[in-house]
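For reference, the chains in residue letters:
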Amino acid sequence: MNVFIKFLEFPLCVKNKILRIKNITKLNIEYVAGKNIVFNHSNLGLNEPHKIIISNNIQSIVLLCYDNDSNLYNEDLSDTITIIELASIVEYLLKEN
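Notes on the structure in this doc start here. (Residues numbered from 1 in each chain as written. Predicted model: local features only at pLDDT ≥ 70, side-chain atom pairs only at ≥ 80, totals over all residues. Heavy atoms only, no water.)

## Remarks on a nonpolar patch on the surface
Part 1 of the argument: The grouping of Val3, Ile5 and Phe7 at the surface amounts to a nonpolar patch, some 300 Å² of accessible area in total.
Part 2 of the argument: With respect to the helices and strands, the residue Val3 is situated in strand S1 (residues 3-7).
Part 3 of the argument: Judged by relative accessible area, Val3 falls into the partly exposed class, the value being 44%. (Patch = residues over 30% accessible without salt bridge, like charges linked within 9 Å, V, L, I, M, F, W, Y side chains within 5 Å. Areas by Shrake-Rupley, 256 points an atom, 1.4 Å probe, with all protein chains shown as cover. Salt bridge = Lys/Arg side-chain N within 4 Å of Asp/Glu carboxyl O. Helix = DSSP H or I, 4+ residues; strand = E, 2+ residues; numbered from the N terminus. Buried < 20%, exposed > 50% of the residue type's maximum accessible area, 1.4 Å probe, protein only.)

Structure representation (structure tokens):
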């Protein structure tokens, strides 16, 4: 079975929202682009979300986002993370640094 992997471009609007958070540039931010994985000759496919990894030297948080969705999600997709909540998390990570 052949597999086709299409790498997606990370959404610029999400980057801009995150970079507007006060003092976030003092932390390490890594943007990992998502992928669409299609299994040829079948109707199956996977959509791997984009990942945002925000860390200081001690702790890190991984956020997920999908194309055509402006929401951010925690790593297990159980909660939506708002920008206000993310700002609080950033403040916490800065205090721990």
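Anyway, onward from the coordinates.
## Side note on a negative patch on the surface
Part 1 of the argument: A contiguous patch of negative charge, built from Glu75, Asp76, Asp79 and Glu85, is present on the exposed surface.
Part 2 of the argument: Relative to the helices and strands, Glu85 resides in helix H2 (residues 83-96). (Lys, Arg positive; Asp, Glu negative; His and termini not counted. Charge placed at Lys NZ, Arg CZ, Asp CG, Glu CD.)

## Here we look at the state of the cysteines
Disulfide: a covalent bond formed between the sulfur atoms of two cysteine residues.
Part 1 of the argument: In total, this model carries zero disulfides according to the counting rule given.
Part 2 of the argument: Its sulfur unpaired, Cys13 is 8.1 Å from the next cysteine sulfur, which belongs to Cys65.
Part 3 of the argument: When its relative accessible area of 0% is taken as the criterion, Cys65 is described as buried. (Disulfide = S-S within 2.5 Å.)

## What to know about the environment of His50
Part 1 of the argument: You can see His50 is positioned in strand S5 (residues 50-55).
Part 2 of the argument: In sequence terms His50 and Leu8 are 42 residues apart; their C-alpha atoms lie 8.3 Å from each other.
Part 3 of the argument: Leave out the neighbours within four places in its chain, and His50 touches Leu8, Glu9, Phe10, Pro11, Val32, Ala33, Gly34, Leu63, Leu64, Cys65, Tyr66 and Asp67.
Part 4 of the argument: Within the structure, His50 has its side chain in polar contact with the backbone nitrogen of Gly34 (distance 2.8 Å). (Contact = heavy atoms within 4.5 Å. Polar contact = N/O pair within 3.5 Å; in protein donor to acceptor, adjacent residues only side chain to side chain.)

## Re the packing of aromatic side chains
The geometry of an aromatic ring pair is captured by the separation of the ring centres together with the interplanar angle, meaning the angle of the planes.
Part 1 of the argument: Applying the stated criterion to the full structure yields two aromatic pairs.
Part 2 of the argument: Relative to Tyr73, the ring of Tyr66 lies with its centre 6.3 Å away and its plane at 70°, an arrangement referred to as edge-to-face.
Part 3 of the argument: Its end group placed over the ring of Tyr31, Lys15 keeps NZ or CZ at 5.0 Å from the ring centre. (Phe/Tyr/Trp six-rings, centres within 6.5 Å; stacked < 30°, edge-to-face > 60°. Lys NZ or Arg CZ within 6 Å of the ring centre and 35° of its normal.)

Worth remembering: the numbers are spatial, not functional.
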